[in-house]
Amino acid sequence: MEINGKDDLKSPLLQHPNDVVITVPPLNQKLNKKTRTLVFKVLGITCSSCVASIEAAVGRLDGVQSVMVSVLQGQAVVKYVPEVITAKLIKETVEDTGFEVAEFPEQDIAMCRLRIKGMACTSCSESVERALLMVDGVKKAVVGLALGEAKIHFDPNVTNTDRIIEAVEEDAGFGADLISTGNGLNKVYLKLEGINSPDDFTIIQGALESLEGVNHVEIDLDEHKATISYEPNIVGPRSLIQCIKEAGCGPNTYQATVYTPPRGGETERQHEILIYRNQFLWSCLFSVPIFVFSMVLPMLPPYGNWLDYKVINMLNLGMLLRWILCTPVQFIIGKRFYAGSYNALKRKSANMDVLVALGTNAAYFYSIYIMLKALASDSFVGQDFFETSSMLISFILLGKYLEVLAKGKTSDALAKLSELAPDTACLLTLDAEGNVISETEIDTQLIEKNDILKIVPGTKVPVDGIVIDGQSHVNESMITGEAMPVAKKPGDKVIGGTMNENGCIRVKATHIGSETALSQIVELVEAAQLAKAPVQKLADQISKFFVPTVVLVAFVTWLGWFIPGVAGLYPRIWIPTAMDAFEFAFQFGISVLVVACPCALGLATPTAVMVATGKGASLGVKTVVFDKTGTLTVGKPAVVSSVLFSEVPMEDFCIMTIAAEGNSEHPIAKAVVDHAKMLLQKHESHNDQFTEVTDFKVHPGAGVSGKIGERAILVGNKRLMHLFDVPLGTEVDRYVSENECLARTCALVAIEGRAAGAFAVTDPVKPEAAVVISYLHSMGISSVMVTGDNWATATAIASQVGIQKVFAETDPLGKADKIKELQLQGTSVAMVGDGINDSPALVAADVGMAIGAGTDVAIEAADVVLMKSNLEDVVTAIDLSRKTMSRIRINYVWALGYNILGMPIAAGLLYPFTGIRLPPWLAGACMAASSISVVCSSLLLQYYKKPLRANAA
């Protein structure tokens, strides 16, 4: 192989003698064609001849731009054009040379995310899903109604994002915007400077695409921004910025800086909330006067007499005003119902929009018919019900507004998660001996694999890595749930986003970007939110059968009165003056349609949930899963027991302990100091001047030692006592073993070589925890504990509070999996948690409950927030949700009761016997009555009382 001229610049600076790089010049391929980098393992490579045979075979393939095979790593890196060749063919070519391919990525399956506009119910999301799955090349599609997003896996060789968006818009009838593309690849967002002409963009794009490891480059010409997808094993963001700088020549100098793109969706959500609010207010502006003119003023003579003024023939002023005010509500404000009905019918389904469109159109056009009849006749007397149409639309818009308002409040979990990593990091440059040459503060997004980072006390770890120098304690409760900070020494792993407590450490970055644990949690929450469909709304479920049934009943009613009327099968005097058999029968049919249109159905759920001030829908929870740290326990170390083993006075014991432990930054030491100070106050000691300690030493993993005056003091575990040959009697051993059985840590204190006393430290259980678990059991609800903490601690806490089933040492993904396992057993599951590591499980559960004192991420991911951080509120939330669901069912009885009872009367069932019929205006009054009943029924929830008061018990 020959490398000469400009190609020398592309060869690696550090290369193994047996590694070979072959660059295949692209044939008839434009610079801006998308390329991909394929990285996979090749087993059985032993020498340079193996490398040469693989590279020669792959290099001959059309569409392959470059090949690099490493003997040391047993790895191949192939850059290719997916429009010309597939990854599968590259794999088969390598296997044909006699080598086995491993860890081969599914590069031919691409992924994109879409924002779907206009989805109102689960039937909408199912329609979008069906339309997506019908597209050739789409392998998997998941549509989330709550997020208003779709995640699609597809074969880029068969279809593309444009065709997928077209399917949503044309086949399903919903709006769609592309959010992102790529298989969760590492991306960096750069702001470009020094751009003077379109040619500059071409130069920069060409320079970036020529780099090994760059998968895709997108440049926004208007914003001067670039989005680059790359392989972190091959290239990094600083290299990309350097490449852009080097692309400039002469007067053209380019600069690039990283920026954080705004999270999409929030603007659209706010816009949607604003649209529904404005539509509701505008509809009220017209509907309230209509209601006053039709229902209020006529009942208050003489104030409503002016409405009876005849304009032309029997057309009065009140009817004319109602028509003028109703028309914009029906056709301008209510046009969304027409669009929704059209799309639903096109999909061969019927939803709430169809029901609303049918009812309002029947009301409106019948009223138009009455108005025209009055206009043409000097004796006709008829009642319009324009108010029915406008009030129905107003009620439904109120329900929709409350719905999107609630939906918008639970969508910030992902944004909060992303903000956990620090903005900057301290990058070290080392020489060959490991000495520090320079320290540079860089943006966290610029960290590359194998960078050496300095983490000082009180700062967060920026990315996942391995400690190479120094010792410290790191608070990892966000991942593991363990309250105690974890000791870190060289060789130990650290996780991005966790807090460094005391020592200064150097960390080598091993995982960056989308590979970090924090990014994995973000992905888990995102996936769970997408996959979690809300409960199928009963209103939409009812309307699937209700709409065709009502239309059929109305049609049969009309036929049932029209045909006998024409045939003279009932007396002519039954038909009112100025009406014929057709109009008489038509009025019965319209009355059935109007009385059956359940406008209160739109209010039944939202008003109850609004009054309950929470999610409310517990789905009949049968199992409650508790996190341990911060949920069942307080969440920080505290001394729960202390004892003296010698004749040393308590005051001296406490003063010496405070002096020794006061110099330690360990969390257990802080807990011991706080407890010792409390004991001094209890013994009415006013000694605020604590003795200084000399010869102070920290013994990692054991404790501390020092001298106070002439007396030696040791504070630590049994290992420290053995190290200094302190004899421990049976009393001490018994105290230690008893507390260890309860998963407590014992801090022993020795003065002058003799055991003087001890403190038992643990994360204490909340006082109300056992009562709450017991009460849940009495409600027929089982309790489970899932924690990242160790088995000994988890079992001890579970036995204290009365929980039988425990899952310990579980990571965030494992917690979500445990929830799903319980759900697969056919039980509805509630999850109670407080930490970032709980957020995937909170989203996966049927009902997620976040402790109010927990992290913002957990609170955003949950359905219910327990504001007082009191476990009694778990019982309250479940009980209130049961009451809310019961109230919703009662609301549906009110909503449908009037309609179901009114339908036979509206159809004229009683008319032949009693002369009673239900004219359309009275049908409209029944609808209004059902709505008022629903609101009044919901307001009864304000008198709700808590079922459990553990503190008072």
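Residues numbered from 1 in each chain as written. Predicted model: local features only at pLDDT ≥ 70, side-chain atom pairs only at ≥ 80, totals over all residues. Heavy atoms only, no water.

With respect to the overall build of the chain
Now for step 1: Assigned secondary structure in the chain consists of 30 helices and 36 strands.
Now for step 2: With 953 residues in all, the chain has 51% of them scored as buried.
Now for step 3: Taking contacts inside the chain between residues at least 6 apart in sequence as the whole, the part at least 24 apart equals 69%.
Now for step 4: Split by element, the accessible area of the chain, about 43900 Å² in all, is 58% carbon and sulfur. (Helix = DSSP H or I, 4+ residues; strand = E, 2+ residues; numbered from the N terminus. Buried < 20%, exposed > 50% of the residue type's maximum accessible area, 1.4 Å probe, protein only. Contact = heavy atoms within 4.5 Å. Areas by Shrake-Rupley, 256 points an atom, 1.4 Å probe, with all protein chains shown as cover.)

Some words on a negative patch on the surface
Now for step 1: The grouping of Asp-162, Glu-166, Glu-169, Glu-170 and Asp-171 at the surface amounts to a negative patch.
Now for step 2: Its location among the elements puts Glu-170 in helix H4 (residues 161-172). (Patch = residues over 30% accessible without salt bridge, like charges linked within 9 Å, V, L, I, M, F, W, Y side chains within 5 Å. Salt bridge = Lys/Arg side-chain N within 4 Å of Asp/Glu carboxyl O. Lys, Arg positive; Asp, Glu negative; His and termini not counted. Charge placed at Lys NZ, Arg CZ, Asp CG, Glu CD.)

Some thoughts on the pairing of strand E25 (residues 623-626)
Now for step 1: The side-chain alternation of E25 yields two buried faces, one formed by Thr-623 and Val-625 and the other by Val-624 and Phe-626.
Now for step 2: Here E25 pairs with strand E32 (residues 782-786) via four bridges, running parallel. Note that in E32 the partner of Thr-623 across the bridge is Ser-782.
Now for step 3: Relative to strand E34 (residues 829-833), E25 runs parallel, the two being bridged by four bridges. By the bridge assignment, Val-625 is partnered in E34 with Met-831. (Pairing = 2+ DSSP bridges.)

Things to note about helix H5 (residues 198-209)
Now for step 1: The first and last C-alpha atoms of H5 sit 17 Å apart over twelve residues, in line with the 16 Å expected at 1.5 Å per residue.
Now for step 2: Along H5, the residues that are buried comprise Asp-200, Phe-201, Ile-204, Gln-205, Gly-206, Ala-207, Leu-208 and Glu-209.
Now for step 3: The inward-facing, buried residues of H5 abut strand E4 (75-80), strand E10 (186-193), strand E11 (214-220), strand E12 (225-230) and helix H6 (237-247). (Expected span 1.5 Å × (residues − 1).)

A look at the nonpolar core
Now for step 1: Formed by 43 residues in total, the largest nonpolar core has its most connected members in Phe-386 and Leu-397.
Now for step 2: Among the secondary structure elements, those contributing two or more residues to this core are helix H7 (266-296), helix H8 (317-333), helix H10 (352-376), helix H11 (386-408), helix H15 (538-567), helix H16 (581-596) and helix H28 (872-906).
Now for step 3: Here this core gets nine residues from one element, more than from any other, and that element is H10.
Now for step 4: Apart from residues lying up to four places away in sequence, Phe-386 is in contact with Ile-290, Met-319, Arg-322, Trp-323, Cys-326, Tyr-364, Ser-367, Ile-368 and Met-371.
Now for step 5: Counting 38 residues, the second largest nonpolar core, distinct from the first, contains Ile-195, Val-258, Leu-446 and Ile-447. (Core = buried A, V, L, I, M, F, W, Y, C linked by side-chain atoms within 4.5 Å.)

Overview of the pattern of salt bridges
Now for step 1: In total, this model carries eleven salt bridges according to the counting rule given.
Now for step 2: Across the pair Lys-718 and Asp-733 runs a salt bridge whose closest N-O atoms are separated by 3.9 Å. You can see Lys-718 sitting in helix H21 (residues 718-723) and its partner Asp-733 sitting in helix H22 (residues 730-741), a full 15 residues away along the chain.
Now for step 3: We classify Lys-718 as partly exposed; its relative accessible area is 32%.

Points about the environment of Asn-186
Now for step 1: Mapped onto the elements, Asn-186 comes out in strand E10.
Now for step 2: Judged by its relative accessible area of 5%, Asn-186 is buried.
Now for step 3: Measuring from C-alpha to C-alpha, the distance between Asn-186 and Glu-515 comes to 8.0 Å, with 329 residues separating the pair along the chain.
Now for step 4: Contacts of Asn-186, omitting those with residues within four sequence positions, involve Ile-228, Ser-229, Tyr-230, Pro-232, Ile-512, Gly-513, Ser-514 and Glu-515.

Concerning the sheet that holds strand E27 (residues 694-699)
Now for step 1: What the six strands build is an open sheet, ordered E26-E31-E30-E29-E28-E27; its pairing is antiparallel. Since the sheet does not close on itself, it has two edges, and those belong to strand E26 (638-644) and E27, each with one partner. Here the average twist between neighbouring strands, direction ignored, is 15°.
Now for step 2: Pairing of strand E30 (residues 745-751) with strand E31 (residues 754-762), which is carried by seven bridges, proceeds in the antiparallel orientation. Looking at the pairing, Leu-748 lines up with Ala-758 of E31. (Axes fitted to C-alpha atoms, helices over the stretch in contact; angles between N-to-C directions.)

Remarks on the packing of H8 against helix H9 (residues 335-346)
Now for step 1: One can describe the packing of H8 onto H9 by two numbers: an axis separation of 5 Å at closest approach and a directional angle of 40°. As judged from the angle between their axes, H8 and H9 are oblique. When H8 is examined against H9, the residues Gln-330, Phe-331, Ile-332 and Ile-333 are found in contact with a partner set consisting of Lys-335, Arg-336 and Tyr-338. (Parallel < 35°, antiparallel > 145°, perpendicular 65-115°, else oblique.)

Here's the deal with the sheet that holds E12
Now for step 1: In space, the four strands of this open sheet follow the order E11-E12-E10-E13, with antiparallel pairing throughout. Only two strands of the sheet have a single neighbouring strand rather than two, namely E11 and strand E13 (255-258). Here the strands of the sheet are splayed against their neighbours by 30° on average, with no regard to which way each runs.
Now for step 2: As paired strands, E10 and E13 are joined by four bridges and run antiparallel to one another.

Focus: unusual backbone geometry
Now for step 1: With omega at 5°, the peptide bond leading from Pro-301 into Pro-302 counts as cis.
Now for step 2: Inspection of the secondary structure assignment puts Pro-302 in the loop between H7 and strand E14 (310-312).
Now for step 3: We note that Glu-752 has phi near 55°; this positive angle belongs to a residue other than glycine.
Now for step 4: Looking at the element boundaries, Glu-752 is found in the loop between E30 and E31.

Structural notes on helix H24 (residues 791-801)
An α-helical segment advances 3.6 residues per turn. Residues three or four places apart therefore align on the same side.
Now for step 1: Those residues of H24 not exposed but buried are Thr-793, Ala-794, Ala-796, Ile-797, Ala-798 and Val-801.
Now for step 2: The first or second residue beyond H24 is Gly-802, which carries a positive phi of 95°.

Overview of the packing of helix H19 (residues 650-661) against helix H20 (residues 667-682)
Working note: a packed helix pair is described by the angle between its axes plus the distance between those axes.
Now for step 1: Relative orientation of the contacting elements H19 and H20 amounts to 150°, with a least axis distance of 9 Å. The angle between H19 and H20 places the two elements in the roughly antiparallel class. Our pair here, H19 against H20, has a crossing hand that is left-handed. Two secondary-structure elements touch here, H19 through Met-650, Glu-651, Cys-654, Ile-655, Thr-657, Ile-658 and Glu-661 and H20 through Ala-669, Val-672, Val-673, Ala-676, Lys-677, Leu-679 and Leu-680. (Left-handed = near helix turned anticlockwise from the far one by under 90°.)

Details of the UniProt feature "transmembrane region" (unreviewed entry) in the chain
Now for step 1: Under the UniProt annotation, the feature "transmembrane region" (unreviewed entry) is placed at residues 280-300, 312-333, 354-376, 388-406, 545-564, 584-605, 892-914 and 920-941.
Now for step 2: Helix makes up 81% of residues 280-300 and strand 0%, with an end-to-end C-alpha separation of 28 Å.
Now for step 3: Between the end C-alpha atoms of residues 312-333 the distance is 29 Å, and the span holds 77% helix and 14% strand. (UniProt positions renumbered as here; feature names shortened; annotations may be inferred.)

Re the packing of aromatic side chains
Now for step 1: A full pass over the atoms with the stated rule returns 23 aromatic pairs.
Now for step 2: With a centroid separation of 6.0 Å and 40° between ring planes, the pair formed by Tyr-366 and Tyr-369 is classed as tilted. Highlighted residues: Tyr-366 and Tyr-369, both in helix H10, separated by three residues, approximately one helical turn.
Now for step 3: In this structure Tyr-366 comes out as buried when scored by relative accessible area, which is 2%.
Now for step 4: Summarising the aromatic geometry, the rings of Phe-588 and Tyr-911 are spaced 6.0 Å apart at their centres and angled 70° between planes, so their arrangement reads as edge-to-face. Taken together, the positions of Phe-588 in helix H16 and Tyr-911 in helix H29 (residues 911-914) put the pair 323 residues apart, joining distant regions of the chain. The pair Phe-588 / Tyr-911 is uniform in exposure class, with both members buried.
Now for step 5: Grouping aromatic residues by their ring pairs yields a cluster made of Trp-561, Tyr-570, Trp-574, Phe-584, Phe-588 and Tyr-911.
Now for step 6: In this structure, Arg-336 is placed above the aromatic ring of Phe-337, and the distance from its NZ or CZ to the ring centre is 5.0 Å. (Phe/Tyr/Trp six-rings, centres within 6.5 Å; stacked < 30°, edge-to-face > 60°. Lys NZ or Arg CZ within 6 Å of the ring centre and 35° of its normal.)

So, the state of the cysteines
Now for step 1: Applying the stated criterion across every chain, the model contains zero disulfides.
Now for step 2: Left unpaired, Cys-504 is separated from the closest cysteine sulfur, that of Cys-426, by 8.5 Å.
Now for step 3: Residue Cys-504 is classed as partly exposed on the basis of its relative accessible area of 38%. (Disulfide = S-S within 2.5 Å.)

Here's the deal with a nonpolar patch on the surface
Now for step 1: Judged by side-chain polarity, Phe-291, Val-296, Met-299, Leu-300 and Tyr-303 come together as a nonpolar surface patch covering roughly 510 Å² of accessible area.
Now for step 2: By the secondary structure assignment, Val-296 is in helix H7.
Now for step 3: Judged by relative accessible area, Val-296 falls into the partly exposed class, the value being 31%.

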